[in-house]
Amino acid sequence: MLVSISIILLVGRLAEAATAGDVPSMDRGIHPTFHWSPCDPAIVEDPTISCSFFDIPLDYHDRSAGTGRIAVAKANATTERFGTLFINPGGPGGSGLAALDQLGSMVRGLTGGHYDLVGWDPRGVGPLTIPGDIVCFTNVEEYNTFWNGTIELTGIEMTGNFTDPHDINALLSQAPIMQKKYEELGKRCLQQPSGKYLKYVGTAAAVRDMVAMADALDGQESPINLFATSYGTVFGAWFINIGRIVLDGVLNPILLATEETTTFWPKQLMDADRVYDACVTGCALAGPHGCSIATQGQTPVEVDADIQALLQRAHGAARKNSSVPVTSADVRAQLGSILYSPDEWATFANVSYPAAVNAVDMETSGSLHAGAGKRRRFKRQSTSFDAVTYSGQAIECGDSVDPRGTTMSDVFRGIISSSRTASHLFSSVWPNPFGYCPFWPVRAVERYQGPFDKKLANKILVLSNTYDPITPVSGARALVELLGEGGTLVLLNGFGHTTVEPSQCLDEIISAYFVHGQHPGDNITMCEVDADYEIFTGINTGAILAALIP
C-alpha cells in the first residue's frame, strides 16, 4: 500500500496526549529551502560536509504552537546521484551531525557515493536544534546535590542473582525516596527553559520532520532512504518505505507501542549475559598474554569466577563504607558498556579491570587515603554528559505509553526479578533511561502505536547480530515477521550492539542493496565476521563462537 506522504503514522492509529482520533494530513512543501554553508568546525570537523538549519512546526496538527528548527549536515554524492540517504544513529538522543561526521566516509563507501548523506540532530538533541537538549540541571554540581545519598549516584549494590535479603531490602527501602525524586525531577524539567518543549519531543514528530526534509531536498513524494541503528530503527518501522531502508539493531516496535518501558526493558537484555560469556571466553582463549584477567590455562568458567570474586569483594567493601571509590555497581556498569563493542573488550581487560582490582584491594585492606572516596579514577559511564541533559529520556518517555500507575517499588521488584530471569549481571545497572518513563511528566502530543504490518513498496533490509546485549535478534525477527515479504533479515554471526564487527559478506550485501536494489536470495541470510578481526590478541570472533559453551 502506498500513501501520499510515505509514512505509516498518517494512516495508522496515532495516540495523542489527550485524545486519539482522525489524523490531519501534513501540509507538504510549506517548508523553506535549505541554505548550506560551512559547518562550525567545533561541531563537524569534516570540511566536505555542509550545514544548514531547517524550519519545522512544533506541532504538525496545531500550527499555533509555534516553530522550531533542526540542525542538519550534508555530505554530497561523489558520483551519479540517486537521492538523499538519511542517517539516524538512535540513542535515543544521538546526534546525527556527529554520526555523519564520524561515519560519513564509511557509509559513502558502502553506498558507492551515489547518495547525498544527511544527518540531523532531532528534536530534543544538541545545542543547535530547537527544541534542543533537555536540560533539567544547569551543571553537574546541581545534579549531584539533587541526587546526593541516592542510588542515582551510587548505583544498585547486589551480587549473584539478587537473592541476598540485605540487598533486596536495601533497594526496596530506596523506592519511596526515588519515586519522590523522579517526580520532583519531572517538575524540575518542566520548570527549565527547555520544559515548554517536552511535549513536542518524540519520534512521531521527528519522522514527520524527516519526510519534510526529503520533500525539500528531493521534491514532494520523493523516495525516503534511511540508514538507522538502535533506537533509530523505530523510524523505519513507522513509515511506508518507498526508497531503500537499512535498520540495524532493531528495537521491537510493538513493545515500545504497547508496554511500559520498565516492562519491556528486561526483554532487551535477554542476550546480554551471553555476550558477557563471549567476552570471558575470548579472555580465557587469549590467556594472560592477551587478557590480564586470565591466568595460564584458565577456562571461561574460571575467568568468570575471578570477575565474580571481584564483584563480591567490591560489594562487601561498599557495605562497610558506601563512599568507596569503586563498587560492584561501578564494575557492572563498566562491563555492561563494553559489551556494546568487542573493540573495547581487551582494553577493559588490560586497563580498566586491573585498575578496579587495585582500587578494590585498597578498599578491602583498609589502605584508602583521605579523600579516596570521591570516585574519580574508575568512573561509571553514565555520570558525565547524561548527568546534565535528559534528551534520551525525553524522547523515549515522550514515545512511551501513558503511565499505568507503576510505582518505583514495582520498578525495583522488576529489577530483582529480571536479575534472575533475564540478565543477572546487567538488569540492575542504574540509572537506567528506561526507568524514568512511569514518572515522566508528559507524553508527546503525537505518538504512533501501530499497525506495523503495512505492505511496503520496497523491501527493508533488517540487520542484527546473533548476540546483541541490548537489541536482541528477537526484535529483528519480530519486525521481519510483521513486514512479511517487505523485509529481509541478515544476521551477522557475532557480538555487540548493532553489526559493529567487520564483515566483507555484510558490506557486500548492504552495498548491493543501496547501489543496485538487490536483496539476498533468502529471507534470512547469515554472514560471518572477517577472520582477520581480532578481539583479543590472536583471538577472533570465530574462535570465540566455536568455544562458547552452549
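You'll find the structure just up there.
Analysis parameters
- Residues numbered from 1 in each chain as written.
- Predicted model: local features only at pLDDT ≥ 70, side-chain atom pairs only at ≥ 80, totals over all residues.
- Heavy atoms only, no water.
- Disulfide = S-S within 2.5 Å.
- Helix = DSSP H or I, 4+ residues; strand = E, 2+ residues; numbered from the N terminus.
- Buried < 20%, exposed > 50% of the residue type's maximum accessible area, 1.4 Å probe, protein only.
- Arc of directions from axis to C-beta.
- Polar contact = N/O pair within 3.5 Å; in protein donor to acceptor, adjacent residues only side chain to side chain.
- Core = buried A, V, L, I, M, F, W, Y, C linked by side-chain atoms within 4.5 Å.
- Pairing = 2+ DSSP bridges.
- Contact = heavy atoms within 4.5 Å.
- Axes fitted to C-alpha atoms, helices over the stretch in contact; angles between N-to-C directions.
- Expected span 1.5 Å × (residues − 1).
- Phe/Tyr/Trp six-rings, centres within 6.5 Å; stacked < 30°, edge-to-face > 60°.
- Lys NZ or Arg CZ within 6 Å of the ring centre and 35° of its normal.
- Salt bridge = Lys/Arg side-chain N within 4 Å of Asp/Glu carboxyl O.
- Nonpolar A, V, L, I, M, F, W, Y, C, P; charged D, E, K, R; others polar.

A.B. asks: What exactly am I supposed to notice about the state of the cysteines here?
C.D. replies: Think of a disulfide as a covalent bridge from one cysteine sulfur atom to another cysteine sulfur atom. Taken as a whole and assessed by the stated rule, the structure comprises five disulfides. One disulfide bridge connects Cys39 with Cys51, the sulfur atoms lying 2.0 Å from each other. Measuring handedness by torsion sign, the sulfur bridge of Cys39 and Cys51 sits at about 95° and is right-handed. Here Cys39, found in the loop between β2 (37–38) and β3 (49–57), pairs with Cys51, found in strand β3; they are 12 residues apart in sequence, far enough to count as distant. Cys51 sits in the buried class, given a relative accessible area of 13%. The partner cysteine of Cys283 in its disulfide is Cys291, sulfur to sulfur 1.9 Å. The disulfide joining Cys283 to Cys291 has a torsion of about -85° about its S-S bond and is therefore left-handed.

A.B. asks: Even after reading the chapter, I still don't get helix α4 (residues 165–173), so can you show me in this structure?
C.D. replies: At 3.6 residues per turn, the α-helix brings residues three or four places apart onto the same side. Within the sequence span of α4, burial applies to Asp167, Ile168, Leu171 and Leu172. Taken around the axis of α4, the buried residues stretch over an arc of 125°, which confines them to a single face. Relative to its buried face, α4 has exposed residues pointing more than 90 degrees away, namely Pro165 and Asn169. Backbone nitrogen of His166 and a side-chain oxygen of the N-cap are separated by 2.8 Å at the start of α4; the cap is Asp164.

A.B. asks: In this structure, what is going on with the nonpolar core? I would like to understand it.
C.D. replies: Generally speaking, soluble globular proteins have nonpolar side chains that are buried together. Counting 149 residues, the largest nonpolar core has Trp147, Trp345, Tyr390, Phe412, Trp430 and Phe536 as the members making the most contacts within it. Broken down by element, this core gets its largest block of residues, nine residues, from helix α10 (residues 272–290).

A.B. asks: Looking at this model, I keep getting lost on the sheet that holds strand β8 (residues 245–248). Mind explaining?
C.D. replies: Strand-to-strand pairing in sheets goes through backbone hydrogen bonds, with the strands running parallel or antiparallel. Read across the sheet, 10 strands follow the order β2-β3-β4-β6-β5-β7-β8-β10-β11-β12 without closing on themselves; strand pairing throughout is mixed. The sheet is open, and its two borders are formed by β2 and β12 (524–528), each paired with just one other strand. Packed on one face of the sheet, helix α1 (residues 96–111) meets β3, β4 (67–75), β5 (83–88), β6 (115–121) and β7 (225–229) and runs near 160° to β6. Together, β3, β4, β5, β6 and β7 form the strand contacts of helix α6 (residues 203–218), whose direction differs from that of β5 by roughly 155°.

A.B. asks: Is there a simple way to think about helix α5 (residues 175–191) in this case?
C.D. replies: Along its 17 residues, α5 runs 24 Å from first to last C-alpha, staying within 8% of the 24 Å computed at 1.5 Å per residue. Where α5 is concerned, the buried positions are Ala175, Met178, Lys181, Tyr182, Leu185, Gly186 and Cys189. Axial view of α5: buried residues confined to an arc of 145°, hence all on one face. Turned more than 90 degrees off the buried face of α5, the exposed positions are Pro176, Lys180, Lys187 and Gln191. Contacts from the buried residues of α5 go to α2 (140–147), α3 (151–154), α4 and α15 (408–421).

A.B. asks: Is there a simple way to explain the packing of aromatic side chains in this structure?
C.D. replies: Ring pairs (aromatic) are described by centroid distance and by the angle formed between their planes. Tallied over the full model, the rule gives 25 aromatic pairs. Where Phe34 meets Phe54, the ring centres are 4.8 Å apart and the plane angle is 15°; that geometry is what we call stacked. On the criterion of sequence distance, the pair formed by Phe34 in the loop between β1 (14–16) and β2 and Phe54 in strand β3 is long-range, its members being 20 residues apart. Across this residue pair, the class does not change: Phe34 and Phe54 are buried. An aromatic cluster of three or more residues is present, and its members are Phe137, Tyr143, Phe146, Trp147, Tyr182, Tyr390, Phe412, Trp430, Tyr436 and Phe439. Over the aromatic face of Phe53 sits the side chain of Arg69, whose NZ or CZ is 3.8 Å from the ring centroid. Over the aromatic face of Trp36 sits the side chain of Lys74, whose NZ or CZ is 4.9 Å from the ring centroid.

A.B. asks: Would you take a moment to explain the environment of Gly475 for this structure?
C.D. replies: If you trace the backbone, Gly475 turns up in helix α16 (residues 473–483). Here Gly475 falls in the buried class, since its relative accessible area comes to 4%. Separated by 222 residues in the primary sequence, Gly475 and Pro253 have C-alpha atoms spaced 8.1 Å apart. Contacts of Gly475, omitting those with residues within four sequence positions, involve Val250 and Asn252.

A.B. asks: Looking at this structure, I do not really get the pattern of salt bridges. What am I missing?
C.D. replies: Under the definition given, this model contains 11 salt bridges. Residue Arg81 is joined to Asp218 by a salt bridge in which the shortest nitrogen-to-oxygen separation is 2.5 Å. On the criterion of sequence distance, the pair formed by Arg81 in the loop between β4 and β5 and Asp218 in helix α6 is long-range, its members being 137 residues apart. A salt bridge links Asp361 to Arg313, with the shortest nitrogen-to-oxygen separation between them at 2.4 Å.

A.B. asks: What is the right way to look at the packing of α4 against α5 in this model?
C.D. replies: Two packed helices can be described by the angle between their axes and the distance between those axes. Taken N-terminus to C-terminus, the directions of α4 and α5 make an angle of 35°; their axes are 5 Å apart at the nearest point. Listed contacts from α5 to Leu171, Leu172 and Ser173 of α4 are Ala175, Pro176 and Ile177. Grouping the constituent residues of the contact of α4 with α5 by class yields five nonpolar, one polar and no charged.

A.B. asks: Quick question: what am I supposed to make of unusual backbone geometry here?
C.D. replies: Leaving glycine aside, a negative phi is the common case for residues, and trans is the common case for peptide bonds. In this structure, the amide linkage connecting Gly91 to the following residue, Pro92, adopts the cis form with an omega of 0°. Looking at the element boundaries, Pro92 is found in the loop between β5 and α1. The step from Ile130 to Pro131 runs through a cis peptide bond, and the omega angle for that step is 0°. Mapped onto the fold, Pro131 is located in the loop between β6 and α2. Positive phi values are uncommon outside glycine, yet Glu221 reaches one of about 65°.

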